[in-house]
Each structure stands twice: as structure tokens, then as C-alpha cells.
Amino acid sequence: MVDRLLLAVTGQSDIAKAWGSLVSPKDRVGIKISAAGGELFATHRPIVDAIADGLAAVGVPRSSIVVWDRSVRGALEAGYESRGNRYQLLSASPRDGYDPKAIFSAPIMGNLIWGDLEYKSNGGQTPLLSDTENTSNESHFSRILSSNVTKVINVPVMSDSATNGVAGCLYNMTIPNIDNWRRFNQSAGGRAAFGASGLVEMYADPMITNKVVLNIMDGLIAQYAGGPQAAPNFAIHFATLFASKDPVAIDTLALRQLEQWRRNAKLPPIGEIAAHVEIAGKAGLGNADPERIEVRKVGH
């Protein structure tokens, strides 16, 4: 499935040429997975194995292939190996896993917690730190994204998000790759518009847009509520992968399908808190108009 999609997206005649059109042997290639759902709902390992094998086939050293998410625990539960021979499996460790020089600023203050780079602890002593001492309008990108990889294959799951509507391509490259991320929660009442625009501005940062060369959404199992953590009662065997260089188009299609499943289950819509998808389209990051998205089905 991965090979057929790759040929369709790149327009190349064979797999080697297809991967070669996206990366070079000198690149350090990151594969950004979604593993918050652990064993029951994570980017399927065979998809990642196929990507890694393709990259290796065009000369990317196995040591230069990195698979990562914010936490490695979910990936291990999902069957990924911490010391496998196909790639490195990494995570953004609390505090030290974020790059103090790779800063994203937005006009939204966030409450810092343990694990954020700039969180200040009083060591359990009194008096407690004031609220202003542990708030910030800055986030820091993970070191993996800022300095470990030069190209990225983005492989999210097909899922809703309680905080951001849809945990798709845009979400997968932003929220799990920064600290102080809770301020971009789009379901937070009047801050929703700020959260959505901030997330779009973050994806537009060269740290992300200059590195992501392909998006493959894992819809083999999709989840229309409770995601991106595992919620089996809302899971559907969809048996589908989406691939495109356009993250907005994939998220638009995924959101439309998730909304349909939610309507069938008599659940409220999520479009309002997934506003970042439409805003990303208006910002030129991709196509958010379903009528202008061409869906090509790739058969066996």
C-alpha cells in the first residue's frame, strides 16, 4: 500500500526514483508517528517499516532514519523496538528534549508545567511561585525536529482530538513537537480562534514546512471520538491510507469523514475546534476546499 501510494504521489516509475525525488542519501530523515494510543491505536509499525526500507533502498543510512513521537512509551506498547536495526526510535524527553534556541512565540500565555523547558520549580519549598513566574508566551521545538532531522515523513493516525478537533497532519507536526502546547487548545472557549491561528503559524515555520516532504495518514483503523488516545468503542476498521504532499487536503478529507461518523453516532460536530484546518487553507499551506481536492484511488 505504501509503495503504490508513493508512486501515485510522486509520479515516478519505480520506488527508488520515488523516494529519491523526496530525499537524498545525505539527509537525516525523520518519520513522525502518532503513538499516544499505545498498543490499541498508534501509527502501524508495518507502514513505518515500509517507509524505512524504501529510504534505505535509496542510500539513506539506517543510522540516519529516526522514528519519533513526544513519548516513546506508546510506541513500545505498539510494537516498535527501541534498538531495532531498521531505524532509531527517539522521543522528546521532558525539558532537555526541547531546543532553547528553537523558539515559537504566539500572543497566548500558557501555564508551564513540569517537563516544559522554562518551568521553574521551587523544590517543594514555600512560598509557592506566583502564577506569572510559570507562564510564558513561548514554546520550544523538540531537538529532534530542530537539529536531528533534515527531512520528515509525517505519518499521523486518522483521529479526532478532544482539544484540537482533528489530530491529523497539521496537528501531528505541531502539538507533539513543542513544549507549552496546552495554550493552543482550540476548545478553550474564547481562545479558540487564537489557538487555531497559532497552530497554523507554527506549521508555517520553516522548521516544519521546509522539512516535511510527504504526509501519509494511517486510516487502517480510524477513531472518531476520544482520540488520539485509544478509545476502542469509537474505532472503525477503515482499511485506508491517505498520502499527499498537501497536509491540509488530507486533514480536510479526514475531518469530513470523522464528522460523518460522529453524526451517525449522534455525537456533536468537531468542526469548530478543528478551525485550524480551514485557516491553514486560507494561509496557503494547502487546499481546504473539498470541492477542489482530487481524490485518486490507488488499487491493488
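Refer to the structure printed above.
Residues numbered from 1 in each chain as written. Predicted model: local features only at pLDDT ≥ 70, side-chain atom pairs only at ≥ 80, totals over all residues. Heavy atoms only, no water.

(A) Representation of the overall build of the protein. Of regular secondary structure, the protein possesses 10 helices and 10 strands. In terms of principal-axis extent, the alpha carbons of the protein reach across some 65 × 45 × 35 Å. Of all 300 residues assigned to the protein, the portion counted as buried reaches 50%. Partitioning the contacts of the protein with sequence separation of at least 6, the portion at a separation of at least 24 is 71%. Carbon and sulfur atoms form 52% of the exposed surface of the protein, whose accessible area is close to 13700 Å². Charged side chains in the protein number 29 positive and 29 negative. The centres of these two groups are separated by 4 Å. (Helix = DSSP H or I, 4+ residues; strand = E, 2+ residues; numbered from the N terminus. Buried < 20%, exposed > 50% of the residue type's maximum accessible area, 1.4 Å probe, protein only. Contact = heavy atoms within 4.5 Å. Areas by Shrake-Rupley, 256 points an atom, 1.4 Å probe, with all protein chains shown as cover. Lys, Arg positive; Asp, Glu negative; His and termini not counted. Charge placed at Lys NZ, Arg CZ, Asp CG, Glu CD.)

(B) Here's a closer look at the layout of surface pockets. Taken as a whole, the largest pocket holds about 870 Å³ of empty space. Together, 29 residues line the largest pocket, and Leu-241, Phe-242, Ala-243, Val-295 and Arg-296 are the ones closest to its centre. Residue assignment for the lining of the largest pocket shows that the elements contributing at least two residues are helix H1 (2-10), strand S10 (235-244) and helix H9 (247-264). A per-element tally of the lining of the largest pocket places S10 first, with seven residues. Tallied by class, the residues present in the lining of the largest pocket amount to 15 nonpolar, seven polar and seven charged. Reported here for the second largest pocket is a volume of approximately 320 Å³. Every element with two or more residues in the lining of the second largest pocket is listed here: strand S1 (29-33) and helix H6 (169-174). Counted by class, the lining of the second largest pocket contains 10 nonpolar, seven polar and three charged residues. (1 Å grid on protein atoms, 1.4 Å probe; cavity = no way out; pocket = protein on both sides within 12 Å on 5 of 7 lines; lining within 4 Å. Points joined across faces, edges and corners; volume = space filled by probe spheres on them. Nonpolar A, V, L, I, M, F, W, Y, C, P; charged D, E, K, R; others polar.)

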